[in-house]
Amino acid sequence: MKRDIQKIDDDIIRKKRLIEQILYSDEDIIEILDNPSLSPYTPGDYVGENIFGFLRVPGTQDVSKNFITFIVDDMGRTPNNQVMKSQYVQFVVFVHKSLVDTKLGMARHDLLGYLIRDIFNLSNKLGPQMELVSNKEGITDTDFYTRTLKFELIDDNSTKPLRTNPYDYRR
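Numbering of residues starts from 1 in every chain and runs along the sequence as written. It should be noted that, the model being predicted, local features are given only for residues of pLDDT at least 70 and side-chain atom pairs only at 80 or more, the latter also being counted only at that level, while totals for whole chains, interfaces and linings use all residues. Computation of side-chain values covers all heavy atoms of the structure but excludes hydrogens and water.

A. Structural detail: helix H3 (residues 108–120). Numbering of helices and strands starts at the N terminus; helices are DSSP runs of H or I of at least 4 residues and strands are runs of E of at least 2. Helix span, expected: 1.5 Å multiplied by one less than the number of residues in the helix. With 13 residues, H3 extends 18 Å between its outermost C-alpha atoms, agreeing within 8% with the 18 Å of an ideal straight helix rising 1.5 Å per residue. Within H3, the full set of buried residues consists of Arg108, His109, Leu111, Leu112, Gly113, Leu115, Ile116, Ile119 and Phe120. One or two residues past the end of H3 sits Leu122, with phi positive at roughly 60 degrees. Any residue under 20% of the maximum accessible area for its type is buried, any over 50% is exposed, and the rest in between are partly exposed; the area is computed with a 1.4 Å probe on protein chains only.

B. Fine view of the packing of aromatic side chains. Note on aromatic contacts: the rings of Phe and Tyr and the six-membered ring of Trp form a pair at centre separations within 6.5 Å, being stacked when their planes are under 30 degrees apart, edge-to-face when over 60 apart, and tilted otherwise. One pass over the structure, following the stated rule, counts eight aromatic pairs. With a centroid separation of 6.4 Å and an interplanar angle of 50 degrees, the aromatic rings of Phe67 and Phe144 are classed as tilted. Of this pair, Phe67 sits in strand S2 (residues 66–78) while Phe144 sits in strand S5 (residues 144–156); the two residues are 77 residues apart in sequence, bridging distant segments of the chain.

C. Seen up close, the packing of helix H1 (residues 11–25) against H3. Orientation is described by lines fitted to C-alpha atoms, with helices fitted over the stretch in contact, and by angles between N-to-C directions that extend from 0 to 180 degrees. Where H1 contacts H3, the two axes come as close as 11 Å, and the packing angle between them is 120 degrees. Looking at the two axes, H1 sits oblique to H3. Relative to H3, H1 is oriented so that their crossing is right-handed. Where H1 approaches H3, its residues Ile19, Ile22 and Leu23 are matched on the opposing element by Ile116, Ile119 and Phe120. Throughout, the ten residues Ala, Val, Leu, Ile, Met, Phe, Trp, Tyr, Cys and Pro are labelled nonpolar, Asp, Glu, Lys and Arg are labelled charged, and all others, Gly among them, are labelled polar. Looking at the contact of H1 with H3, its residues break down into six nonpolar, no polar and no charged. For this classification, under 35 degrees means roughly parallel, over 145 means roughly antiparallel, 65 to 115 means roughly perpendicular, and everything else is oblique. Crossing handedness: left-handed means the near helix sits turned counterclockwise from the far one by under a right angle, and right-handed means the same turn made clockwise. Working rule for contacts: check all heavy atoms of both residues, and any pair within 4.5 Å makes them a contact.

D. Focus on a negative patch on the surface. Taken together, the side chains of Glu27, Asp28, Glu31 and Asp118 define an acidic patch exposed on the protein surface. Along the chain, Glu31 turns up in helix H2 (residues 27–33). Residue Glu31 is classed as partly exposed on the basis of its relative accessible area of 47%. Candidates for patches are residues over 30% relative accessible area with no salt bridge; among them, like charges are joined within 9 Å and nonpolar side chains (Val, Leu, Ile, Met, Phe, Trp, Tyr) within 5 Å. Calculation of accessible area relied on Shrake-Rupley with a 1.4 Å probe; when residues are assessed, cover is drawn exclusively from the protein chains displayed. In what follows, salt bridge is the name for a side-chain nitrogen of Lys or Arg lying within 4 Å of a carboxyl oxygen of Asp or Glu. The positive count covers Lys and Arg only, the negative count covers Asp and Glu only, and His and the chain ends enter neither. Positions of charges follow a simple convention, taking NZ of Lys, CZ of Arg, CG of Asp or CD of Glu.

E. Structural view of the pattern of salt bridges. Under the definition given, this model contains eight salt bridges. Linking Lys15 and Asp11 is a salt bridge whose minimum nitrogen-to-oxygen distance equals 3.8 Å. With a gap of four residues between them, Lys15 and Asp11 both fall in helix H1, about one helical turn apart. A relative accessible area of 5% places Lys15 in the buried class.

F. Geometry of the environment of Leu18. Tracing the backbone through its elements, the reader meets Leu18 in helix H1. The spacing of Leu18 and Leu126 is 108 residues in sequence and 7.3 Å in space, taken between C-alpha atoms. Contacts of Leu18, omitting those with residues within four sequence positions, involve Lys125 and Leu126.

G. Highlighting H1. Spanning 15 residues, H1 covers 21 Å between terminal C-alpha atoms, matching the ideal 21 Å at 1.5 Å per step. Those residues of H1 that fall on the buried side of the exposure criterion are Asp11, Lys15, Ile19, Ile22 and Leu23. All buried residues of H1 fall inside an arc of 100 degrees around its axis, so they share one side. Between the side-chain oxygen of the N-cap and the backbone nitrogen of Ile12 there are 3.1 Å, and the N-cap of H1 in question is Asp10. The arc in question is formed by the directions pointing from the helix axis toward the C-beta atoms. Pairing of N or O atoms within 3.5 Å defines a polar contact, subject to two protein rules: one partner must be a possible hydrogen donor and the other a possible acceptor, and residues neighboring in sequence count only if both atoms are side-chain atoms.

H. Summary view of the nonpolar core. By size, the foremost hydrophobic cluster in this structure holds 29 residues, and its most contacted members are Leu23, Phe91 and Phe120. For this core, the elements supplying multiple residues, two or more each, are H1, H2, S2, strand S3 (81–96), H3 and S5. For this core, the element with the highest residue contribution is H3, accounting for six residues. Those residues within four positions of Phe91 in sequence are excluded, and the remaining contacts are Ile19, Leu23, Ile68, Thr69, Phe70, Ile116, Phe120, Arg147, Thr148, Leu149 and Phe151. Within the second largest apolar cluster, five residues are counted, among which are Phe67, Val92, Phe94 and Phe144. We define a nonpolar core as any set of buried Ala, Val, Leu, Ile, Met, Phe, Trp, Tyr and Cys residues linked to one another through side-chain atoms lying within 4.5 Å.

Set out below in structure tokens:
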């Protein structure tokens, strides 16, 4: 590729990478995801296995698993301010029905939702402060319980008027 993919100037990709790192670096998240086939000492292995940077509905599987999926969406410029934009980070926790109970006396999807809220709500981990605007329980079918958490943040609109596209080859 011509582009240096490790230096992408895109706040959504940057934030997704950061969210993945924050999630797999949290010992409580790793413990409550409860994947006995992965080592808690190599938490990065949970990305693509139990942690996904996109919304994913689990399908039929041989082994019951729990998942944290998330998206980062730009919602456009904020009203009356062309320099700032509104973004949403949405987490959807999926917990298989056979794994919903925990030894802590609460449902696993609620506990994972609490941990996500505890980590991200009113934090500046992604730059601007994130605020929880929605926290809903649900189901996908007969096999998965869900918890959906939506956070809002107001961020720089990345307007750089003197900047040009480095891949514009027109002369």
